[in-house]
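# Architecture and fold: a report
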Amino acid sequence: DNDGDTYGDQLFAGTTFCYVPAAPYVLDNTDCNDADASINPGASEICNAIDEDCDGIADDGLTFTTYYADADGDTHGDVAVSTTTCDGAPM
């Protein structure tokens, strides 16, 4: 567990101990990024196109909204100019 988040590297084959191992070893090897403590199976997704919870899907469970450009300011967007995001309305 190189990043100290209590989840070990899923790519590491492991080591067998006849006793409870000491740091940096843990019993759970499900961490998909053992260099970043904010990325692990217990993490919550945030809107950033990164898979924080190690389920293979970035930003899953977040609400995405489509926004349309309103260049003329009439409060009606242009269907040809849109963006979909989970991070609020773009500037």
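In this text, all values refer to a predicted model and were calculated from it rather than measured experimentally.

Attention now goes to the side chain of Asp-31. Tracing the backbone through its elements, the reader meets Asp-31 in the segment before β1 (65-69). On the accessibility criterion, Asp-31 (0% relative accessible area) is buried. A distance of 3.0 Å separates the side chain of Asp-31 from the backbone nitrogen of Asn-33, its partner in a polar contact. Apart from residues lying up to four places away in sequence, Asp-31 is in contact with Asp-3, Asp-5, Tyr-7, Gly-8, Asp-9, Gln-10, Ile-39, Asn-40, Pro-41 and Cys-54.

Let us now look at the state of the cysteines. This model, assessed by the stated rule, comprises two disulfides. For Cys-32, the disulfide goes to Cys-54, at an S-S distance of 2.1 Å. In this structure, the disulfide formed by Cys-32 and Cys-54 twists by about -80 degrees around the S-S bond and is classed as left-handed. Placement of the pair is Cys-32 in the segment before β1 and Cys-54 in the segment before β1, with a sequence separation of 22 residues. On the accessibility criterion, Cys-54 (19% relative accessible area) is buried. In this model Cys-47 forms its disulfide with Cys-86; the gap between the sulfur atoms is 1.9 Å. Residues Cys-47 and Cys-86 are joined by a disulfide whose S-S torsion is about 95 degrees; by sign, that bridge is right-handed.

Relative to the elements of secondary structure, Asp-55 occurs in the segment before β1. Overall, Asp-55 belongs to the partly exposed group, its relative accessible area being 38%. Residues Asp-55 and Cys-32, 23 residues apart in the sequence, show an inter-C-alpha distance of 8.7 Å. Ignoring anything within four residues of it in the chain, the contact list for Asp-55 reads Glu-45 and Asp-60.

Thresholds, definitions, all that
Residues numbered from 1 in each chain as written. Predicted model: local features only at pLDDT ≥ 70, side-chain atom pairs only at ≥ 80, totals over all residues. Heavy atoms only, no water. Helix = DSSP H or I, 4+ residues; strand = E, 2+ residues; numbered from the N terminus. Buried < 20%, exposed > 50% of the residue type's maximum accessible area, 1.4 Å probe, protein only. Polar contact = N/O pair within 3.5 Å; in protein donor to acceptor, adjacent residues only side chain to side chain. Contact = heavy atoms within 4.5 Å. Disulfide = S-S within 2.5 Å.

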